[in-house]
Amino acid sequence: MSAQVDTVHRELHFEDHVFAYLTEEAPAPERWLAGTQAGYDKDRALYSEDVIGWLRETQPDAWDRLERLNKDNTDKRVLDALVRKLAAQPVGGTLEVLRQGFSVAGGGTLRMSRALPEDDRNETVTAQYAAHRLRVVRQLRYNPRREWSIDLVFFVNGLPVATWELKSDFTQSAEAAVRQYKRDRSPKAPGGGVEPLLAFRRGALVHFAVSTTQVMMCTHLRGEESLFLPFDRGNDGAAGNPPEPEGSERYPTAYLWEEIFRRDNLLRLIHRFFLFESKSVEDANGKRHRRETMFFPRYHQWQAVTRLDAAVREEGVGQRYLLEHSAGSGKTNTIAWLCHSLVRMHAPGGERLFSSIIVVTDRTVLD
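Student: How would you explain unusual backbone geometry if you had to name every residue and give the values?
Tutor: The bulk of non-glycine residues show a negative phi, and the bulk of peptide bonds are trans. Between Gln 89 and the following residue, Pro 90, the backbone shows a cis peptide bond with an omega angle of 0 degrees. Topologically, Pro 90 is positioned in the loop between helix H4 (74-87) and helix H5 (94-100). Phi is positive for Gln 139, which is not a glycine, with a value near 50 degrees. Here Gln 139 is to be found in strand S4 (residues 134-141).

Here it is as structure tokens:
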């Protein structure tokens with residue numbers, strides 16, 4: 001067997017393993033729907049049947065009004081309006097649509113997602129949350145004119161939220177997937193324009209380079225300037241991930257598909273952690289321009305916030321906790337995400353657990 005054939009075989013085995021877990025082996029409520037190439041609209045960069053299915057199921061009154069107005073053209077009108085909102089500047093994009101919805105003439109504002117309810121008092125919100133359609137497509141050919149493909153692409157209610165390129169450490173590392181994103185996954189389409197799936201804000205929110213032992217992630221693809229950050233758990237105080245016990249068939253990076261991409265965790269990341277920042281900055285020549293940044297937590301930031309959240313819910317208010325962080329670990333955002341998490345906490349009866357959050361800090365950038 002040639003080295004190239006062996007590389008493909010090992011990567012395919014890894015992809016088979018991940019896809020099977022997501023769609024078949026995860027606990028039933030956590031399983032992803034298996035998508036197909038035929039279900040993907042390359043021009044719109046949407047899994048259109050899930051967009052329409054979500055809207056019909058969760059907002060039937062608005063959909064009935066739209067059908068009375070648009071007849072057989074309803075699906076097209078809605079999808080076209082959604083695409084316009086996804087591409088809108090300065091307010092638009094996938095994150096904005098998932099959190100705030102989009103408007104269609106005659107139908108008002110249509111929601112495209114729901115945050116996890118803090119309690120179950122609102123039956124409508126609870127039912128809509130349960131109706132989320134999470135779908136994963138493997139080897140997705142995303143370009144309308146070329147046969148380029150991405151190993152795994154993830155959708156929430158038809159909107160792309162993440163892409164993964166997979167590599168087997170028997171043959172290649174996560175760095176090889178990073179190079180693939182930088183060199184072969186350009187948001188610029190051949191002949192001009194953009195690849196909507198890969199375009200910043202307009203397409204998937206985050207891109208993961210995944211090997212059997214390491215994970216890296218990026219929120220803004222821009223060729224060789226793409227910045228990929230580690231998304232590892234750490235290994236006894238060092239970088240990377242701890243190895244699995246000898247004889248184990250579990251991969252060291254299994255936490256990504258078993259934990260981070262669990263239904264509740266991913267939806268919480270979308271509604272509570274992703275942060276889009278747009279601000280005016282001045283370059284070295286004194287010229288001002290707008291800088292846009294999408295923040296996604298690194299693993300240790302997500303872990304710190306979720307562990308404290310769980311501890312407070314179990315142990316109640318009034319406890320003390322210590323988080324140790326190193327320089328450059330993103331403490332400011334961790335503090336901010338924790339504050340937002342605590343202020344949303346409710347007791348079973350619906351009462352807020354915290355009336356206010358006070359932060360004592362010498363970090364002047366914390367706003």
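Student: Now, about the side chain of Asn 143: what can you tell me, with residues and values included?
Tutor: Summarising the element assignment, Asn 143 is placed in the loop between S4 and strand S5 (149-156). Looking at Asn 143, its side chain comes within polar contact range of the main-chain nitrogen of Arg 146, at 2.8 Å. Residues within four places of Asn 143 in sequence aside, it is in contact with Lys 42, Trp 148, Pro 190 and Glu 195.

Student: How would you explain the sheet that holds S4 if you had to name every residue and give the values?
Tutor: Taken in spatial order, the 7 strands of this open sheet run S1-S4-S5-S6-S7-S8-S9, and their pairing is mixed. Edge positions in the sheet fall to strand S1 (33-34) and strand S9 (229-230), since each has one partner strand and no second. Relative to S9, strand S8 (residues 215-218) is paired through 2 bridges, and the arrangement is antiparallel. Bridge assignment links Met 216 to a residue of S9, and that residue is Pro 230.

Student: Which residues make up the pattern of salt bridges, and what values go with them?
Tutor: Applying the stated criterion across every chain, the model contains 18 salt bridges. In this structure, the salt-bridge partner of Asp 50 is Arg 135, at a minimum N-O distance of 2.6 Å. With Asp 50 in helix H2 (residues 48-58) and Arg 135 in strand S4, this residue pair connects regions lying 85 residues apart in the sequence. Considered together, Asp 50 and Arg 135 belong to a single accessibility category, that of buried residues. Connected through shared salt-bridge partners, Asp 41, Arg 44, Lys 76 and Asp 80 make up one network.

Each value, and the rule that gives it
Residues numbered from 1 in each chain as written. Predicted model: local features only at pLDDT ≥ 70, side-chain atom pairs only at ≥ 80, totals over all residues. Heavy atoms only, no water. Helix = DSSP H or I, 4+ residues; strand = E, 2+ residues; numbered from the N terminus. Polar contact = N/O pair within 3.5 Å; in protein donor to acceptor, adjacent residues only side chain to side chain. Contact = heavy atoms within 4.5 Å. Pairing = 2+ DSSP bridges. Salt bridge = Lys/Arg side-chain N within 4 Å of Asp/Glu carboxyl O. Buried < 20%, exposed > 50% of the residue type's maximum accessible area, 1.4 Å probe, protein only.

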